[in-house]
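Analysis of the macromolecular model
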Amino acid sequence: MPVDRLLSTLLRSLQTYTDQQDTPRLLATASSLLTTLSNPHNLSLLTSHLLTAPAFWERPDGLRTPLHLLSVFHSAITTLITHHNAVRENSAPPLHPGQLPIGGGLSLDAWTRAIVSGADDRSARWTHLLVLGGLLIGMGSQEEQGIDVEWAAGLRKRLETALVKATNLALVEVRESGDADGLGGQTVALVLNHSFGCLSDFERRGLDYDLLLPVLLGTTFFSSEGFQSAYFLGGIDLDVVEVAGKKFNWPAHSSSFKQVEGIVSRPLVSSMGPLSRLMAHAVGNIRDPWLIQTMVDDLAGFARALTTQWRQNKLSEIDASEEAVFLEEEALRTTLPVLWKLLKAALFATTIVLRGVLGRILSDRILATDGVAPVLAAQTLHTLRHLYFISNRLGPASFSQHTFVYLTAIDILTHYPIQSDAFLKSIAPPQLGNIPDPPLDRTLDLYFLNTAEHFTLVLSPTTNEDLLVASAVPYLAAGGNHSMLPIFEAAHSVILAVLSAPQSAEITAKHLPFYIDALFKVFPDNLSSRQFRLAFRTLLRVTAPPSALSATQPDLPATLLELVHYRALHAPTTALAADSVQLALAGSDAPPPPLSEQAVLVLTLLDALPYLPVLLLEEWLPLCADLVNLIEDDAMREVVKGRFWNVLISGEMDPERSGAAVAWWGTRGGREAVLFGRESEHMMSGALPVETTARESKL
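Residues numbered from 1 in each chain as written. Predicted model: local features only at pLDDT ≥ 70, side-chain atom pairs only at ≥ 80, totals over all residues. Heavy atoms only, no water.

The name given to the chain in an unreviewed UniProt entry is Peroxisomal membrane protein Pex17, with the source organism recorded as Mytilinidion resinicola.

Okay, here's the thing in structure tokens:
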């Protein structure tokens, strides 16, 4: 068909919408015509009709319609650049009789001017971004593939400038029309999300970020093309059904799962990584800092809605460690992974935006004031708390941005004791003294304990005792559920943080006996070796001189050592199960060897040596050496020997203690007791002496 007749036919087809129309065919025809029309006026006419065609815009398919048109212009300029490069290199194929030249014989500059001229006053300004963005993205993608476009650098610069100007005009238009969260604002977010990487730093500075940030935020978290204000979780509960064997299933054919699948495949959600970085960039460049406070409030509201909707879901009643027991295979393998993929996308996006907020607080004089900074920090921590049922599943330290946001917000808030006190009281467990049954409530308790640990130095003794200790006590002696080990350890960490606070001397004297009893009861079944060693080392530090407690109870350190010593003499010698740290390091170059309860107890005593008074240290050095030689397993014993040597030489002891330890090692039989103690026992029973190893000789 002649190109003019094809153009006329396409323009007639674009004038009306029908249920039977073949939209992909219309788009393919338009893309072909854009690369073959030779009359600039026809190019402008076609572009103008594409931006206003009822066939596309009367019933748009969400953001897929703008995305398809964006692809049309992207494809067209890609074809032209490839052709012009071939012509420059004399590698273009010859035209066959009747074949139309690529680009209609126009230069790339003239062709682009004709296309852009079609973005006129007859179409909404936000649709102009589809033309400019598609052309710019096409040029940028060619450059990324290593194709020479240097000869068109001037054209690219003009496109960048035009896109920035058109974006600012579109933002004004959608604000005035109230379409910021509608298709207009969504299209602005879509085009910028794909084209932002093609803009130079100079052009990026020309964007009106004060208008852009609310559009990006609303589109991402609250619009029908984003996370829908977290309400997609509400419909899942109706489709979760109980099946045989007292299990639950969320069928793949259910309407709620189809909705979740649809959300995951949406253009903005599927490219949430660059979109969240664009929002963070906007946060760092807005002129009105008060917009940030509004945005943080909106994010906190979104996270709160997410937790509220999750709580009303039957799936929230199943602990992650029990999913294999209570969920059908279809839910485990098919539907739940898609849901968690969507929730992780929401978590990552929120975290990246908050990363920009914290960075702005640290550099903005207005946001860093005493009346603003603690409010933003507290809101950030509230948001992370509401998202903790997601991040805890991944591991809170699984990505660095989350760690930065969490610790920076805590660091800011700890400078304000009154606000810190109010914040912790607002997130404390509703019923102190009880372990809640719902897994979500236990997860929130875990967040509270992990967070409260960082505030003990700025809280009053009353708050430390009535709030922090009271929240941790139920978990200290609890047992029987290995899946709750993280929260047990968090409770121990809180108690240790309270006992270590300088203002907590009276609390320490009051609660120390109970804590010591609980500590020995839960190890090793409900407390990891790492946490037990840390706890005991902390206890020695708060009871040994020069602590205030040592003045009233000077014999307490020796008593604690005796407790561990007695237990080490009778402890099991079989290897303990690996904890989370050992499992994480299992694939490393130097995985930690398994240790028995006896070996861990000996290591615990060695960890305590740097905190003992000199006289007590001189008494316990030979006792520790004797315990080392009681360990039967050679590999475990070598680990303990290595730690013994490390304590003596690593600088953990002050000069006075170090001098006493060196004297014991060199002149009082310490070296022989540690390195050759077991050999001496064999020789006394008539055995032949064992040759000294190279490592022992070196020591």
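So, about the overall build of the chain. Within the chain one finds 36 helices and two strands. For 699 residues, the compact-globule estimate of 2.2 N^0.38 gives 27 Å, and the chain exceeds it by more than 25% at 34 Å. Across the 699 residues of the chain, 52% fall into the buried class. Excluding contacts between residues fewer than 6 apart, the proportion of contacts in the chain whose partners are at least 24 apart in sequence is 75%. Accessible area of the chain: about 30,900 Å², with a carbon and sulfur share of 55%. (Helix = DSSP H or I, 4+ residues; strand = E, 2+ residues; numbered from the N terminus. Rg over C-alpha atoms; globule rule 2.2 N^0.38 Å. Buried < 20%, exposed > 50% of the residue type's maximum accessible area, 1.4 Å probe, protein only. Contact = heavy atoms within 4.5 Å. Areas by Shrake-Rupley, 256 points an atom, 1.4 Å probe, with all protein chains shown as cover.)

Let's shift gears to the packing of helix α26 (residues 505-522) against helix α27 (residues 529-543). At a minimum axis separation of 11 Å, α26 and α27 run at an interaxial angle of 155°. Judged on the interaxial angle alone, α27 and α26 are roughly antiparallel. In this structure, α26 crosses over α27, and the sense of that crossing is left-handed. Contacts from L512, Y515, I516, L519 and F520 of α26 reach α27 at F532, A535, F536, L539 and T543. Looking at the contact of α26 with α27 residue by residue, the classes come out as nine nonpolar, one polar and no charged. (Axes fitted to C-alpha atoms, helices over the stretch in contact; angles between N-to-C directions. Parallel < 35°, antiparallel > 145°, perpendicular 65-115°, else oblique. Left-handed = near helix turned anticlockwise from the far one by under 90°. Nonpolar A, V, L, I, M, F, W, Y, C, P; charged D, E, K, R; others polar.)

With the rule as written, the count across this model stands at 19 aromatic pairs. Pairing F222 with F302 gives two aromatic rings, centres 6.3 Å apart and planes at 90°, and the pair type is edge-to-face. Of the two residues, F222 sits in helix α11 (residues 209-222) while F302 sits in helix α16 (residues 290-311), which places them 80 residues apart along the sequence. Between F520 and F532, the aromatic rings sit 5.8 Å apart at their centres with planes inclined by 80°, giving edge-to-face as the arrangement. Taken together, the residues F520 in helix α26 and F532 in helix α27 connect sequence positions twelve residues apart. Comparing F520 with F532 shows no difference in burial state: the two are buried. In textbook terms, an aromatic cluster arises when at least three aromatic residues are bridged by ring pairs, as seen for F221, F222, F227 and F302. Stacked on the ring of F196, the Lys or Arg R204 has its end atom at 4.2 Å from the ring centre. (Phe/Tyr/Trp six-rings, centres within 6.5 Å; stacked < 30°, edge-to-face > 60°. Lys NZ or Arg CZ within 6 Å of the ring centre and 35° of its normal.)

Okay, the nonpolar core next. In this structure, W111, F227, L339, L424, L609 and F644 are the most contacted members of the largest nonpolar core, which totals 221 residues. For this core, the element with the highest residue contribution is helix α18 (residues 329-363), accounting for 17 residues. Residues within four places of L609 in sequence aside, it is in contact with L617, W620, L621, C624, F644, V647, M653 and R657. (Core = buried A, V, L, I, M, F, W, Y, C linked by side-chain atoms within 4.5 Å.)

This paragraph deals with the confidence of the model for the chain. Taken over all residues, the pLDDT of the chain has a mean of 89, while the share at 70 or more is 93%. Within the model, the stretch residues 682-699 combines pLDDT values under 50 with 17 contacts to residues more than four positions away or in other chains. (pLDDT = per-residue confidence, 0-100.)

What follows is about unusual backbone geometry. Here the bond from F523 into P524 is cis, since omega is 5°, no more than 30 degrees from zero. Relative to the elements of secondary structure, P524 occurs in the loop between α26 and α27. Here the residue pair P545 and P546 is connected by a cis peptide bond, since its omega of 10° sits within 30 degrees of zero. One can find P546 in the loop between α27 and α28 (548-552). The phi torsion at Q228 lies on the positive side, around 55°, for a residue other than glycine.

Turning our attention to helix α32 (residues 614-630). Here α32 spans 25 Å end to end across 17 residues, near enough to the 24 Å set by a 1.5 Å rise per residue. At W620, α32 is deflected by roughly 30°, the largest bend along its length, and proline P622 occurs up to four residues later in sequence. Along α32, the positions that sit buried rather than exposed are L616, L617, W620, L621, C624, A625, L627, V628 and N629. (Expected span 1.5 Å × (residues − 1). Bend = angle between axes of the 7 residues up to and from the residue.)

A word on the pattern of salt bridges. Tallied over the full model, the rule gives 27 salt bridges. R59 is the partner of D19 in a salt bridge, and the nearest nitrogen-oxygen pair spans 3.3 Å. Taken together, the positions of D19 in the loop between α1 (3-13) and α2 (23-34) and R59 in the loop between α4 (54-57) and α5 (64-88) put the pair 40 residues apart, joining distant regions of the chain. Here D421 makes a salt bridge to K425, at a shortest N to O gap of 3.0 Å. Of the two residues, D421 and K425 both sit in helix α22 (residues 417-427), four residues apart, roughly one turn of that helix. The class of D421 is buried, set by a relative accessible area of 16%. (Salt bridge = Lys/Arg side-chain N within 4 Å of Asp/Glu carboxyl O.)

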